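Per-entry structural report
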Amino acid sequence: MNQIMNRCTKYLDIARSTKAFNEAELDVLSELLGECLEGSDEEGYMLIGEKAGNDDVAFLIYGKTPMTEFTYDLYWIVVSPSYQGKGIGRRLVSRMEESILKEKDKANIRVETSGKEDYAQQRAFYNALGFRECGRIPSFYREGDDLVTFYKAIIKNDPAGGKGKNDKL
């Protein structure tokens, strides 16, 4: 139990260090991390972690979208600031895609993020990985903070690795 708590605390510390999440978001993340790490998650959330040596430095949480045949949501991707820009986020997304394609022949992956200017780097990251913006709701989170939705279609044994034209499946 202590090991689970320590890892949960470490992941929360990584999330706090990015300064990208408010306290309400961190509370939700704390609960979700606890469920993922204890293996008691009934919603089907999956956690993928990344280490540098013995230190946890990044993680990703995704899950099957309820009431869909082959759609998944990427809920959280968090990389310690000192490890950003080193391909870790890209590697986590790739590992998630590989895991999904072990279960399915094809899938849609959806990501929701903020439209604030200080999230431009995150949106550029998703674009660089082949995700495409497919929707925007103005002032969704708060005045001036849009909800931006991205998606990516992936197919098993796709030689383009999901980086092609990204049409519907």
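Look up a bit, the structure's there.
Small disclaimer: the values here were computed from a predicted structure and weren't measured. (Residues numbered from 1 in each chain as written. Predicted model: local features only at pLDDT ≥ 70, side-chain atom pairs only at ≥ 80, totals over all residues. Heavy atoms only, no water.)

Turning to helix α1 (residues 2-18), a few remarks are in order. With 17 residues, α1 should reach 24 Å at 1.5 Å per residue; the first-to-last C-alpha distance of 25 Å fits that figure. Turning to α1, the residues buried within the fold contact α2 (23-38), β1 (45-52), β2 (55-64) and β3 (71-79). Following α1 by one or two positions, K19 adopts a phi angle in the positive range, close to 60°. (Helix = DSSP H or I, 4+ residues; strand = E, 2+ residues; numbered from the N terminus. Expected span 1.5 Å × (residues − 1). Contact = heavy atoms within 4.5 Å.)

This part takes up the layout of surface pockets. The gaps left among the atoms become clear once a water-sized probe is rolled over them. Reported here for the largest pocket is a volume of approximately 1,300 Å³. No other element matches the seven residues that β3 contributes to the lining of the largest pocket. In terms of residue class, the lining of the largest pocket is built from 17 nonpolar, 10 polar and 11 charged. (1 Å grid on protein atoms, 1.4 Å probe; cavity = no way out; pocket = protein on both sides within 12 Å on 5 of 7 lines; lining within 4 Å. Points joined across faces, edges and corners; volume = space filled by probe spheres on them. Nonpolar A, V, L, I, M, F, W, Y, C, P; charged D, E, K, R; others polar.)

In terms of nonpolar packing, the biggest core is built from 24 residues, with L60, L74, V93, M96, I100 and F131 touching the most fellow members. Those elements that place two or more of their residues in this core are β2, β3, α3 (88-103), β4 (106-114) and β6 (145-155). Residue contributions to this core peak at six residues, all from α3. Beyond its immediate chain neighbours, meaning those up to four positions away, M96 contacts I48, L60, Y62, L74 and I109. If you look at the next biggest cluster of nonpolar residues, it comprises 15 residues, including C8, I14, L26 and C36. (Core = buried A, V, L, I, M, F, W, Y, C linked by side-chain atoms within 4.5 Å. Buried < 20%, exposed > 50% of the residue type's maximum accessible area, 1.4 Å probe, protein only.)

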